[in-house]
Amino acid sequence: MSAASQPKVSHDAKNQRFTTQPADSDDIAYLTYSPLSPPSPTPLYTFDHTYTPPSLRGRGLASVLTKAAMEYAASAGWRVRPDCEYVREWAAKRRGKDELVGRVVVWDEGAKL
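Residues numbered from 1 in each chain as written. Predicted model: local features only at pLDDT ≥ 70, side-chain atom pairs only at ≥ 80, totals over all residues. Heavy atoms only, no water.

A separate point is the overall build of the protein chain. Along the protein chain, the regular secondary structure elements total three helices and five strands. Reading the protein chain from its N terminus to its C terminus gives the helix and strand order β-β-β-β-α-β-α-α. The C-alpha atoms of the protein chain give 14 Å as radius of gyration, which agrees with the globular expectation for 113 residues (13 Å, within 12%). Expressed along its principal axes, the backbone C-alpha trace of the protein chain runs to roughly 40 × 30 × 25 Å. With 113 residues in all, the protein chain has 35% of them scored as buried. Excluding contacts between residues fewer than 6 apart, the proportion of contacts in the protein chain whose partners are at least 24 apart in sequence is 50%. For the protein chain, the computed accessible surface area is about 6,600 Å², with 49% contributed by carbon and sulfur atoms. (Helix = DSSP H or I, 4+ residues; strand = E, 2+ residues; numbered from the N terminus. Rg over C-alpha atoms; globule rule 2.2 N^0.38 Å. Buried < 20%, exposed > 50% of the residue type's maximum accessible area, 1.4 Å probe, protein only. Contact = heavy atoms within 4.5 Å. Areas by Shrake-Rupley, 256 points an atom, 1.4 Å probe, with all protein chains shown as cover.)

Given below as structure tokens:
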């Protein structure tokens with residue numbers, strides 16, 4: 001998916017999620033998050049669930065959402081625990097190779113990676 005064809009990702013802070021809706025669909029894919037610590041200089045969040053409707057699967061939307069959410073987390077000074085299986089696998093593939101993952105992700109060493 002080229003950068004020009006990637007759908008826009010929106011941050012819905014009220015509902016604690018990132019969403020995307022391709023122009024050719026009424027369906028919405030999303031990634032949800034929750035705070036794990038009280039507000040602090042370095043807040044900790046969990047990225048706990050991604051969902052892509054069957055009609056949108058195979059387009060790489062979960063990856064687009066995850067990257068956008070990680071970029072937001074970095075810009076907001078968040079640390080992220082990847083509890084969602086998809087997000088954990090996405091980050092694990094980039095671990096040690098992607099500066100964004102290194103800055104944002106907090107690894108729970110007891111979790112399967």
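The rest of the description comes next.
Time to look at the pairing of strand 2 (residues 17–20). Alignment of strand 1 (residues 9–12) against strand 2, held across four bridges, turns out to be antiparallel. Within the sheet, the bridge partner assigned to Val-9 lies in strand 2 and is Thr-20. Relative to strand 3 (residues 29–35), strand 2 runs antiparallel, the two sharing four bridges. Within strand 3, the position partnered with Thr-19 by the bridge is Tyr-30. (Pairing = 2+ DSSP bridges.)

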